[in-house]
Amino acid sequence: MDVYEAVDSRRAVRAFSDEPVPKEVLERVLAAATRAPSSGNLQPWHIYVVTGAPLAELKERATARALAGDPGDEREYPMYPAALTSPYLDRFSAAAAQRYQALGIEHDDPDRPMKIAALNSGAFGAPVVLFCYLDRTMGPGQWGDAGMYLQTVMLLLRAEGLHSCPQVMWTMYRKTVSRTVGADGGLVLFCGVSVGFEKEGSPRLRTGRADMTETVSFIGESGQVHSQVGQLGSGA
């Protein structure tokens, strides 16, 4: 699978089979992902890979909290800005509607929040969840580094025929997660990433993306860009 195919086929899968993921595959992916970019080469991420009985117990505890209507632990960072405006709010709303319709959860279902939380806390059936933490002394730049690292991991998983689903939801149950992984108080949970093989026959949701022209601006003539690149390359 080439890079373009990996990028195009990567999506947040929300239905995994119970087929186990070989440890050697995870080790190969995570070893390769160490080459992800990080400012100043700080490599600020701390990853805990949870499988088997510990993951089953974690899912059980988190799901029990969700089904009990537990609002979750106090957030240590905001998932979204307090006041989303267009076009960001439009994109968010459209994706949310698609996502939960595919999961069979109606918008007007009074139990919608609880059902959503329960599906998430079960990691959508994934046999592996990676938990990404950062040291509390790190700043916005290092959080950006963690995002680039996790994208690298998710693309490498596609090269292995695996799928993933990044879940910031786990921060709602960070104390339960910490109890499982043993992360100390000097670390903050960024997110979890569910990993596994996609369950056959499950709805394949693919959310839309803004046209490139909405998010990308080219400055300068293309010929000048090519010329500058050539000059940089000749002196490297």
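Below is a summary of the structure that appears in this document. Here the structure is a predicted model, which is why all the values come from computation and not from measurement.

Rules and cut-offs
- Residues numbered from 1 in each chain as written.
- Predicted model: local features only at pLDDT ≥ 70, side-chain atom pairs only at ≥ 80, totals over all residues.
- Heavy atoms only, no water.
- Helix = DSSP H or I, 4+ residues; strand = E, 2+ residues; numbered from the N terminus.
- Buried < 20%, exposed > 50% of the residue type's maximum accessible area, 1.4 Å probe, protein only.
- Contact = heavy atoms within 4.5 Å.
- Areas by Shrake-Rupley, 256 points an atom, 1.4 Å probe, with all protein chains shown as cover.
- Salt bridge = Lys/Arg side-chain N within 4 Å of Asp/Glu carboxyl O.
- Phe/Tyr/Trp six-rings, centres within 6.5 Å; stacked < 30°, edge-to-face > 60°.

Thoughts on the overall build of the chain
The number of helices and strands found in the chain is nine helices and four strands. In the chain, the order of α-helices and β-strands from amino to carboxyl end is α-α-β-α-α-α-β-α-β-α-β-α-α. By residue count, 38% of the 236 residues in the chain fall in the buried class. In the chain, the share of contacts with a sequence separation of at least 24, taken over all contacts with a separation of at least 6, comes to 86%. Accessible area of the chain: about 13,900 Å², with a carbon and sulfur share of 55%.

Some points on the pattern of salt bridges
By the definition in use, this model includes eight salt bridges. Here E57 ties to R61 by a salt bridge, and the two come within 2.5 Å at their closest N and O atoms. Taken together, the residues span about one helical turn, with E57 and R61 both in helix α3 (residues 52-67) at a distance of four residues. The salt bridge partner of R91 is E214, with a shortest N-O separation of 3.4 Å. With R91 in helix α4 (residues 88-102) and E214 in helix α8 (residues 212-215), this residue pair connects regions lying 123 residues apart in the sequence. Salt bridges sharing partners connect three or more residues here, namely R65, D70 and D73.

Overview of unusual backbone geometry
Of the consecutive residues S86 and P87, the connecting peptide bond is found in the cis state with omega at 10 degrees. Its place among the elements puts P87 in the loop between α3 and α4. Here the phi dihedral of Q43 falls at roughly 45 degrees; this positive angle occurs in a residue that is not glycine. Tracing the chain through its elements places Q43 in the loop between α2 (23-32) and β1 (45-51). Judged by relative accessible area, which is 35%, Q43 ranks as partly exposed.

Comments concerning the packing of aromatic side chains
Throughout the structure, instances matching the rule amount to seven aromatic pairs. Seen in terms of ring centroids, Y48 and Y133 are 5.4 Å apart; in terms of plane orientation they differ by 80 degrees. Their pairing is edge-to-face. Of this pair, Y48 sits in strand β1 while Y133 sits in strand β2 (residues 128-135), and the two are 85 residues apart along the sequence. The exposure class of Y48 is partly exposed, given its relative accessible area of 23%. When the centroid spacing of 6.4 Å and the interplanar angle of 55 degrees are considered together, the rings of Y77 and F190 count as tilted. Here Y77 is found in the loop between α3 and α4, whereas its partner F190 is found in strand β4 (residues 187-196), with 113 residues between them in sequence. Residue Y77 is classed as buried on the basis of its relative accessible area of 18%. Ring-pair connections join several aromatic residues into one group, and the members of that group are Y77, W143 and F190.

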